[in-house]
Every structure is written in C-alpha cells, then in structure tokens.
Amino acid sequence: VQTLTVLGLESSCDDTAAAVVRQGEGVQAEILSSVVHGQTELHSAYGGVVPEIAARAHAEKLDICVKQALTQADVAFGELDVIAVTAGPGLIGGVMSGVMCAKGLSAATGLPLIGVNHLAGHALTPRLTDGIAFPYLMLLVSGGHCQYLIAHGPEQFTRLGGTIDDAPGEAFDKTARLLGLPQPGGPSVEAEARAGDSKRFRFPRPLLDRPGCDLSFSGLKTALMRLRDQIVSEKGGLTRQDRADLCAGFQQAIVDTLAEKTRRAIVQYLETSPSVPVIAVAGGVAANTAIRAALETVCAQMEARFTAPPLALCTDNAAMIAFAGLERFRLGARDGLDLTARPRWPL
Ligand code: KG4
Ligand code: ZN
C-alpha cells in the first residue's frame, strides 16, 4: 500500500466535475479538490435534461474543470498516480466526452486509466467520507436511481431490490411540474409539504403488499394527476392549501414506502451478515428531511447505524469517482485506451 493521488472525471448526467483525491497508507482518503459545474440553467427551459445539450456542455467544460481541480488541489500532472473516469451508466454523449478526455490525458501523461461505474462511485462514498468498512447496506436514491445494495468490496455488490419504474427524484420532479412548482422538484415539493396535511388525500403505497425490496413510484404521479384534475374540475383551480396537502400526501407515501423497504432490506442483510448493520444513503433525494428522519427512525428501531455523506457528496461529483478509481486501482484493476462508454452498466 502506498500513497495514491487520483484525478477523477464525471460527466454522466448534467454535472461536469473533476476532483483530486489522495489516500495514504492505511488512512482515510482526503479530498484535495472537488469542482462541479452544473447545467441546470441550460436545460431549465425544456423541463428535463436534453442529452445533446448536455454532451456539448460536458465537452466544453471538462478541461476547465480538470484545470481548476488540479489548481485547487495544488497538484501537478506529474504528482498524479491514476486518472479515473465515469465510464457509465448514463447519457452516452456525456459519458463519451468524459472517457475521451480521460483517454487524452492518459495518452499524453502516460498515467494509468481506470473506468468507474457511476453507481459504484455513489455506493463507495460512505467509505470516502466516513471510512466505513465492508460490508454495509446502501440505499441509493436520486433522480435517476433507486436501489438497495450490499457493498462487499470495491467491485462487489449484491442488489437487494430497486425501482421497477421511476426513481423517487423523478417522481418529485414530475409532481412539481404537475403542480406548477419550480425545478428541481424535490426541494420545492418538500417546502410546500411543510404546510400541508398528509392525511387529506389518499395516495397508494405501491408494492408494500408484495415481499422483497422492489419499489415503484410511477403510480404516485398518476394518483396526483387524478386528484389535481378532480379539484380543478370541482373548484376551478388549486388553492395554496390544496397544493400543500397534495405535496404532503405525495411525500408521505414515498416516506412510508422507503421506510418499510429499508426495514426489509435490513432483515435481508442480517440473513447473510451477522455484524451490526450500517445503512448508508446517497443521491439527491437523501437531502429530504422527512425521508432522512424516517430512515433514522427505522435504523434506531432495528439497532442499525445510519450514515449519510454531506449533501455535496450525495449528489453527482467527481470525488466519488476518483475514490472509486483509487479503490479499484489498489485491487489491481487497469483499463487501457480501449476503454469504452457503457450507457447501461448494472452493478
Ligand atoms: O443525485 P442527484 O443530484 O442527481 C441524479 O439524479 O443523479 O439527484 C437529483 C434529484 C432530483 O430529482 C431532485 O428533485 C431530488 O434529487 N432532490 C430531492 C430533494 N433535493 C433534491 N428530492 C426530495 N427532497 C429533496 N429535498
Ligand atoms: Zn448520480
């Protein structure tokens, strides 16, 4: 084991990011820099991420991010040991921009190249931020993903279940759109829900009647649309209170579903691993206070430890990619200039 300094690149969705992470012998890794250029304004007029616009913006911003990350870390190319890049899953144009940039840097510097699975980046973040040991249970909840994983090692994950349709963040975003609230939907729906009565409207609790950890969120959007249309046809429009009550009912359905599925995931985890379970969350939806509180309650009831990385490391960033690359490199993984972008790449 030696001290390793890794440059990471991320461009799989709508954030262009570069970061430098260093890890000495037997100690926790240190984030020397983490630069993220978001693209929210570029896509806001379209109500969602436009792949072609995203790819162009990544291609424009990647080298700027790399320069900033190296400057902020005060690290020169000559001091790096590895270049790590998200090689999937994600929007193909964006992933290709990142992979080509990393290949160019690797060819020019002679540094080894490592392709990283974006989901592994999220799933390994609790090790970067809290030094958590394997195995642990992971709940990944973002705008694009929702799954329960057991992390056994840097390249070894067991998937316990996940969404069979929308991701929860996507459901929050669609709800906001249906109610005329600003994007991203998560924070605006959460803010509205604070003033709402979650019991006024009935929302389904999908898949709770079926065993296992699979989830489904697309039915919530349909339920919300029906309730909204019903109010509008009866009263001619939505009042502030109607909107708040709809948001509160919708959010409570997600909270209840995630709490129950997390309870089941802990039970499944305990069947294979007798150690005290550690539950880690990552993804933008982990920012939701009600969801966090519900997960903490479940963990307390089940005598599990709950941990959530700081928000900036829950959402997309390159520090997690650099760190995942570092962990893979220590295991002996190497990729060559034939590394390809994989838009679909299950863990
Ligand atoms: O992880 P992330 O930044 O990007 C990916 O999806 O990869 O997650 C963004 C998602 C968006 O759908 C956003 O609405 C949701 O996370 N989100 C929230 C909250 N803050 C962000 N959802 C619920 N409550 C929040 N407070
Ligand atoms: Zn992500």
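Residues numbered from 1 in each chain as written. Chains lettered and ligands numbered in written order. Predicted model: local features only at pLDDT ≥ 70, side-chain atom pairs only at ≥ 80, totals over all residues.

Per an unreviewed UniProt entry, the protein chain carries the name tRNA N6-adenosine threonylcarbamoyltransferase and comes from Ruegeria halocynthiae. According to its UniProt record, the protein chain has this under Catalytic activity (unreviewed entry): "L-threonylcarbamoyladenylate + adenosine(37) in tRNA = N(6)-L-threonylcarbamoyladenosine(37) in tRNA + AMP + H(+)". As stated in UniProt under Sequence similarities (unreviewed entry), the record for the protein chain gives "Belongs to the KAE1 / TsaD family." (UniProt positions renumbered as here; feature names shortened; annotations may be inferred.)

### Quick word on the overall build of the protein chain
Per the secondary structure count, the protein chain includes eleven helices and ten strands. Relative to the globule expectation of 20 Å for 347 residues, the C-alpha radius of gyration of the protein chain, 21 Å, shows essentially globular dimensions. The dimensions of the protein chain, computed from C-alpha atoms along their principal axes, are 70 × 50 × 30 Å. Across the 347 residues of the protein chain, 52% fall into the buried class. (Helix = DSSP H or I, 4+ residues; strand = E, 2+ residues; numbered from the N terminus. Rg over C-alpha atoms; globule rule 2.2 N^0.38 Å. Buried ≥ 20, exposed ≤ 12 C-beta atoms within 10 Å, placed from the backbone.)

### A few points about the environment of Asn-117
The residue Asn-117 is located in strand S5 (residues 113–117) in this model. In this structure Asn-117 comes out as buried when scored by C-beta crowding, with 23 C-beta atoms within 10 Å. Separated by 179 residues in the primary sequence, Asn-117 and Glu-296 have C-alpha atoms spaced 28 Å apart. Filtering out sequence-adjacent residues up to four positions away, Asn-117 remains in contact with Gly-88, Trp-345 and Leu-347. (Contact = placed C-beta atoms within 7 Å.)

### Regarding the UniProt feature "domain: Gcp-like" (unreviewed entry) in the protein chain
Per the UniProt annotation, the sites labelled "domain: Gcp-like" (unreviewed entry) are residues 30–323. Taken end to end, residues 30–323 comprises 51% helix and 17% strand; its first and last C-alpha atoms sit 9 Å apart.

### Regarding the site of ligand 1
As a structural note, the neighbourhood of ligand 1 is formed by 20 residues, with Gly-143, Gly-169, Gly-186, Gly-284 and Asn-288 the closest of them. There are two domains that each give the shell around ligand 1 at least three residues, and those are domain 1 (4–131 + 315–330) and domain 2 (143–311). (Near = placed C-beta within 6 Å. Domains from an automatic or database assignment.)

### Things to note about the sheet that holds strand S4 (residues 82–88)
Overall, mixed pairing links the five strands, which are arranged S3-S2-S1-S4-S5 in an open sheet. Both edges of this open sheet fall to strand S3 (30–38) and S5, since each of them pairs with a single strand only. The mean inter-strand angle of the sheet, taken between neighbouring strand axes irrespective of direction, is 20°. Here helix H3 (residues 92–109) sits on the sheet in contact with strand S1 (4–10), S4 and S5, set at roughly 160° to S4. The strands touched by helix H4 (residues 118–130) within the sheet are S4 and S5, with S5 carrying the most contacts at an inclination of about 80°. (Pairing = 2+ DSSP bridges. Axes fitted to C-alpha atoms, helices over the stretch in contact; angles between N-to-C directions.)

### Describing the sheet that holds strand S6 (residues 136–141)
Pairing is mixed across the open sheet formed by five strands, whose spatial order is S8-S7-S6-S9-S10. Each edge of the open sheet carries a strand with a single partner, namely strand S8 (156–162) and strand S10 (305–307). Averaged over all neighbouring strand pairs, the angle between strand axes comes to 25°, with direction disregarded. The pairing of strand S9 (residues 278–282) with S10 spans three bridges and is parallel. Along S10, the bridge assignment pairs Ala-280 with Thr-307. Sitting on the sheet, H4 touches S6, strand S7 (146–153), S8, S9 and S10, and the angle it makes with S6 is about 125°. Running over the sheet, helix H8 (residues 240–272) touches S6, S7, S8 and S9 and is turned about 150° from S6.

### A short note on the pairing of S7
In terms of residue burial, S7 counts as a mostly covered element, since six of its eight residues are buried. Pairing between S6 and S7: six bridges, direction antiparallel. Counterpart to Tyr-136 in the pairing with S7 is Ala-151. The hairpin turn running from S7 into S8, its antiparallel successor, is two residues long.

### Digging into the nonpolar core
Grouped together as the largest cluster of nonpolar side chains are 108 residues, with contacts concentrated most on Ala-19, Val-21 and Ala-322. Counting contributing residues, this core receives three or more from each of domain 1 (4–131 + 315–330) and domain 2 (143–311). Not counting the four nearest positions on each side in its chain, Val-21 is found in contact with Val-6, Gly-8, Ala-29, Glu-30, Ile-31, Leu-32, Ala-319, Ala-322, Phe-323 and Leu-326. (Core = buried A, V, L, I, M, F, W, Y, C linked by C-beta atoms within 7 Å.)

### Focus on the domain arrangement of the protein chain
A common way to state how big an interface is: give the accessible area lost once the parts meet. Annotation of the protein chain at the domain level lists domain 1 (4–131 + 315–330) and domain 2 (143–311). Each of domain 1 and domain 2 was reduced to a C-alpha centroid, and the two centroids are 28 Å apart. Tallying the contact residues gives 15 residues for domain 1 and 17 residues for domain 2. Among the elements of the structure, H4 and helix H11 (319–330) are those that each provide at least two residues to the side of domain 1 that touches domain 2. Per-element accounting of the side of domain 1 that touches domain 2 gives the leading share, eight residues, to H4. For the side of domain 1 that touches domain 2, the per-class residue count stands at six nonpolar, six polar and three charged. (Nonpolar A, V, L, I, M, F, W, Y, C, P; charged D, E, K, R; others polar.)

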